[in-house]
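# Coordinates in review
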Amino acid sequence: MNVAKTMENLKKRGFTVSYFDTAAQAADYLDRSIDSQSVGVGGSVTLRDMGVYEKLAAHNEVFWQWYAPEGTSQEETYRKAERADVYLSSVNAIAETGEILNIDGTGNRVAATLYGHKKLYLVTGINKIAADYDAALWRARNIASPKNAQRLQKKTPCALRGDKCYDCSSPDRICRGLVVLWEPVKGIGETEVVLIGETLGY
Ligand code: SF4
């Protein structure tokens, strides 16, 4: 994948872009940049593996369903995350041409990338970069989604076989909505793509 071309095209589209060689450097950057804020986080293996919760929760109010206090409903955490000053998510794919793609089942994560925050961080390893929009869509559907379905132990053909998307009609289907960011949306103050030169998440 061509990281320099990806960064250039993201910037041309109006995204703020930062790059770090390692996940640890990127986690330190987020820790320095986000202070005394309310922070929402979508389900993200990338952000979990970076240890972002432990860092940010020490000096911010963080709403992330994977770390919600016992007794807190998932719905309540989603609502608080939607209203947070800052929102963090990873992505399912980025095209070298600059489009950013996310597929969601519940919809909380993709909804939060579209409106209402002072700042949105999209944090991703360079393994999510694809050559163009079509390749990015293929990646999101055939690599990211089946792996997420396996992680969530869904009863879907992709989770059972682990090879590709079957465009299933399973009640357990996790791919129910696709959001493509062609440019930063106007309803969010700033959207920053944090690229990391490692393989992270799916
Ligand atoms: S549509 Fe169904 S088969 Fe395809 S990736 Fe999503 S859950 Fe798996």
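Here, every reference points to the structure presented above.
Residues numbered from 1 in each chain as written. Predicted model: local features only at pLDDT ≥ 70, side-chain atom pairs only at ≥ 80, totals over all residues. Heavy atoms only, no water.

Okay, the pattern of salt bridges next. Taken as a whole, this structure holds twelve salt bridges when the rule is applied. Residues arginine 79 and glutamate 75 are paired through a salt bridge, measuring 2.8 Å at the closest nitrogen-oxygen approach. A residue pair is termed a helical-turn pair when its members lie 3 or 4 positions apart in one helix, as arginine 79 and glutamate 75 do in helix 5 (residues 74–82) at four residues. Classification of glutamate 75 as partly exposed rests on a relative accessible area of 41%. Between aspartate 167 and arginine 141 there is a salt bridge, with its nearest N and O atoms 3.3 Å apart. Taken as a pair, aspartate 167 in the loop between helix 8 (157–161) and strand 9 (177–181) and arginine 141 in helix 7 (residues 133–151) lie far apart in primary sequence, 26 residues in all. (Salt bridge = Lys/Arg side-chain N within 4 Å of Asp/Glu carboxyl O. Helix = DSSP H or I, 4+ residues; strand = E, 2+ residues; numbered from the N terminus. Buried < 20%, exposed > 50% of the residue type's maximum accessible area, 1.4 Å probe, protein only.)

Moving on to the sheet that holds strand 4 (residues 86–89). Spatially, the six strands line up as an open sheet ordered 1-10-7-4-2-3, and their pairing is parallel. Of all the strands in the sheet, just strand 1 (16–20) and strand 3 (61–64) have a single pairing partner and so form its edges. Sheet twist, expressed as the average angle between the axes of neighbouring strands with direction ignored, equals 20°. Against the sheet, helix 1 (residues 3–12) engages strand 1 and strand 10 (190–196), with an angle of about 155° to strand 1. Each of strand 2 (38–41), strand 3 and strand 4 touches helix 5; the most contacted strand, strand 3, lies at about 125° to it. (Pairing = 2+ DSSP bridges. Axes fitted to C-alpha atoms, helices over the stretch in contact; angles between N-to-C directions. Contact = heavy atoms within 4.5 Å.)

Another point: the site of the ligand. Neighbouring the ligand are Arg141, Ser145, Pro146, Thr156, Cys158, Cys165, Tyr166, Asp167, Cys168, Arg173, Ile174 and Cys175. The element that contributes the greatest number of residues to the shell around the ligand is helix 7, accounting for three residues. Here the shell around the ligand is composed, by residue class, of seven nonpolar, two polar and three charged. (Near = heavy atom within 4 Å. Nonpolar A, V, L, I, M, F, W, Y, C, P; charged D, E, K, R; others polar.)

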